[in-house]
Amino acid sequence: MQMDLKTKDLWSGKFTELKSKLEELEVQKCMHIAQHKWTALKEIPRVEALIFGAWKSLPECYSEVKKLAYGVLTIFGSTYSCEQAFSCMNIIKSKVRSQLTNENLESCLKL
């Protein structure tokens, strides 16, 4: 399979845009967490959706590259989700908020 290097702008533009969206997403998450706006966190798009959306939006002529990317992106999916959940839990249930019940913590973690 050969790729036309003239489409370099397609690739760099697509993933530069994705990087900007991901950075913006993290800023939004941090702002909501700092302001304790837990329900607003549920409205933020998931990182995975943005990443897969960027790959899906590529032209069909790159179907083999897209398949490879999907494979690589899904290899460690369960570990990533678990680590992300523990990170969120540690932000929500800190030493200061150690009296938070498991039921309330679970409600906060449902993103």
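Residues numbered from 1 in each chain as written. Predicted model: local features only at pLDDT ≥ 70, side-chain atom pairs only at ≥ 80, totals over all residues. Heavy atoms only, no water.

In the nomenclature of an unreviewed UniProt entry, the chain is known as HAT C-terminal dimerisation domain-containing protein of Araneus ventricosus.

Q: So what about helix 4 (residues 63-74)? Which residues, and what values?
A: The terminal C-alpha atoms of helix 4, which comprises twelve residues, lie 16 Å apart, in line with the 16 Å expected from a rise of 1.5 Å per residue. Among the residues of helix 4, those classed as buried are Val65, Lys66 and Ala69. Buried residues of helix 4 fall within an arc of 100° about the axis and therefore sit on the same side. In helix 4, those exposed residues whose orientation departs by more than 90 degrees from the buried face are Lys67 and Leu68. (Helix = DSSP H or I, 4+ residues; strand = E, 2+ residues; numbered from the N terminus. Expected span 1.5 Å × (residues − 1). Buried < 20%, exposed > 50% of the residue type's maximum accessible area, 1.4 Å probe, protein only. Arc of directions from axis to C-beta.)

Q: Any details on a nonpolar patch on the surface? Residues and values, ideally.
A: Taken together, the side chains of Leu68, Val72 and Ile75 make up a nonpolar region of the molecular surface, amounting to roughly 320 Å² of accessible area. Counting through the fold element by element, Ile75 comes out in the loop between helix 4 and helix 5 (77-92). Residue Ile75 is classed as exposed on the basis of its relative accessible area, which comes to 54%. (Patch = residues over 30% accessible without salt bridge, like charges linked within 9 Å, V, L, I, M, F, W, Y side chains within 5 Å. Areas by Shrake-Rupley, 256 points an atom, 1.4 Å probe, with all protein chains shown as cover. Salt bridge = Lys/Arg side-chain N within 4 Å of Asp/Glu carboxyl O.)

Q: Explain the pattern of salt bridges residue by residue, including any values.
A: The tally for this structure, following the rule as stated, stands at five salt bridges. Lys21 is the salt-bridge partner of Glu17, the closest N and O atoms lying 3.2 Å from each other. With Glu17 and Lys21 both in helix 1 (residues 8-34) and four residues apart, this pair spans about one turn of that helix. A residue is classified by how much of its surface remains accessible, and Glu17, at 42% relative accessible area, is partly exposed. Note that Glu26 is salt-bridged to Lys29, the shortest N-O span being 3.7 Å. Taken together, the positions of Glu26 and Lys29, both in helix 1 and three residues apart, correspond to about one turn of that helix. Owing to a relative accessible area of 39%, Glu26 belongs among the partly exposed residues under this scheme.

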